[in-house]
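Structure assessment
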Amino acid sequence: MNAILVSTAVLSSEYNSHHTTRTRTVRTSTVRPSVILPGVDSTGVAAKSKHSLQLTRRGRLVLLGVPALALAAVVVLVSMAFVFGSTVSPAHASVQYPAVDMADYARTVTVLQGESLWSIAAASDPNRDVREVVSEILALNELGTGVLQAGQQLFVPLPN
């Protein structure tokens, strides 16, 4: 508790002669109870606690090792994608495999009004089964369906 001793002397001369000086204690401030937080001393400075957080060896391994493993896996996958992606790219396909000349295997036919795959296949090779020729025409021209448009260019296999 903060206190100051204050002397009450009277300044007038008449009181000085008749009365003696009195001393009393005056309270200058009130001390309020403060809230003390755990880990903080009375001055507000953080104090070292007996129960501070310390990682075990396993905790450090989990905290540092798992993200390091994940980062290493990402680096490996990215480098593999870079290496193998560049060797499998379509730009290298022309170097490894020569282009096929379709004139050696098929001829070009223009579809006329009212023609179907069946009629074109039967006219192109009458000695073979028409179903086989139709499937070859579909494969050569990468057609998903048998629907044709007048004026469309098709590759038709040469007769054997």
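Description of the structure in this document. (Residues numbered from 1 in each chain as written. Predicted model: local features only at pLDDT ≥ 70, side-chain atom pairs only at ≥ 80, totals over all residues. Heavy atoms only, no water.)

1. Regarding the side chain of Arg128
We apply this condition: Numbering of helices and strands starts at the N terminus; helices are DSSP runs of H or I of at least 4 residues and strands are runs of E of at least 2. Only protein chains enter the calculation, and the probe is 1.4 Å; a residue is then buried if its accessible area is under 20% of its type maximum, exposed if over 50%, and partly exposed in between. Pairs of residues are marked as contacts when any of their non-hydrogen atoms sit within 4.5 Å.
By secondary structure assignment, the location of Arg128 is in the loop between α4 (117–124) and α5 (130–141). Exposure remark for Arg128: the relative accessible area of 18% places this residue in the buried category. If we ignore the near neighbours within four places in the chain, the residues touching Arg128 are Val133, Glu136 and Asn160.

2. Some points on a nonpolar patch on the surface
Inclusion rule: Patch membership requires more than 30% relative accessible area and the absence of a salt bridge. Residues of like charge join within 9 Å; the nonpolar side chains Val, Leu, Ile, Met, Phe, Trp and Tyr join within 5 Å. Each accessible area value is a Shrake-Rupley result obtained with a 1.4 Å probe; residue values ignore everything except the protein chains displayed when judging cover. Salt-bridge detection follows one rule: a side-chain nitrogen of Lys or Arg within 4 Å of a carboxyl oxygen of Asp or Glu.
Among the surface-exposed residues, Val76, Leu77, Met80, Phe82, Val83 and Phe84 lie close enough to one another that they form a single nonpolar patch of about 640 Å² accessible area. The residue Phe84 is located in helix α2 (residues 57–87) in this model.

3. As for the nonpolar core
Selection criterion: The nonpolar core is taken to be a set of buried Ala, Val, Leu, Ile, Met, Phe, Trp, Tyr and Cys residues, with the residues joined through side-chain atoms within 4.5 Å.
Core analysis: the largest hydrophobic core is formed by twelve residues, namely Val109, Val111, Leu117, Ile120, Ala121, Val130, Val133, Val134, Ile137, Leu148, Leu154 and Val156. The element that contributes the greatest number of residues to this core is α5, accounting for four residues. Not counting the four nearest positions on each side in its chain, Leu117 is found in contact with Val134, Ile137, Leu138, Gly146, Leu148 and Leu154.

4. Brief notes about unusual backbone geometry
Backbone geometry at Glu142 places phi at a positive 50°, although glycine is not the residue there. Note on placement: Glu142 falls in the loop between α5 and β4 (153–157).

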